[in-house]
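Architecture and fold: a report
The lines below spell out each chain.
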Amino acid sequence: MALSGRIGTLLVSVSGLSGTVYPEGTRVAIQGTGGSVDGFVDGDWLPLAWWEFADVRPEDGTG
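Residues numbered from 1 in each chain as written. Predicted model: local features only at pLDDT ≥ 70, side-chain atom pairs only at ≥ 80, totals over all residues. Heavy atoms only, no water.

**Here we look at the pattern of salt bridges**
When the charged atoms of two side chains with opposite charge come close together, those side chains can pair. Definition in use: Salt bridges are identified by distance alone: a Lys or Arg side-chain nitrogen within 4 Å of an Asp or Glu carboxyl oxygen. A run of H or I in DSSP becomes a helix once it reaches four residues, and a run of E becomes a strand once it reaches two; helices and strands are each numbered from the N terminus.
Here the structure, examined in full by the defined rule, presents one salt bridge. Between R6 and D55 there is a salt bridge, with its nearest N and O atoms 3.1 Å apart. Here the residue R6 occupies a position in strand β1 (residues 6-10), and D55 occupies one in strand β7 (residues 53-55), the gap between them amounting to 49 residues.

**Quick notes on the sheet that holds strand β6 (residues 44-49)**
The cut-off we apply is this: Any two strands are treated as partners once DSSP identifies two or more bridges connecting them. Angles shown run from 0 to 180 degrees and are taken between the N-to-C directions of axes, each axis being a line fitted to C-alpha atoms and, for helices, limited to the stretch in contact.
Pairing within the open sheet is antiparallel, and its five strands lie in the order β6-β5-β4-β1-β7. Of all strands in the sheet, those bounded by a partner on one side alone are β6 and β7. Each strand of the sheet is rotated relative to its neighbour by a mean of 40 degrees, with strand direction disregarded. Across three bridges, β1 lies against β7 in antiparallel orientation. Residue pairing in the sheet places T9 in a bridge with A54 of β7.

Any functional reading would require information beyond the geometric quantities listed.
This is the structure we're talking about:
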């Protein structure tokens, strides 16, 4: 999952490009900045708006 150094967690359910719906709390690899970013779960792309995820702080772990 580590396409970048940023890890986030979903705040709401989000559909990936594959059609899979990822529930709130799913960890995602984050790329980009601003109002919309790219999120990835096991290679599945999730176009994310700023309000759909929160960055995970390093002290919170990545598991």
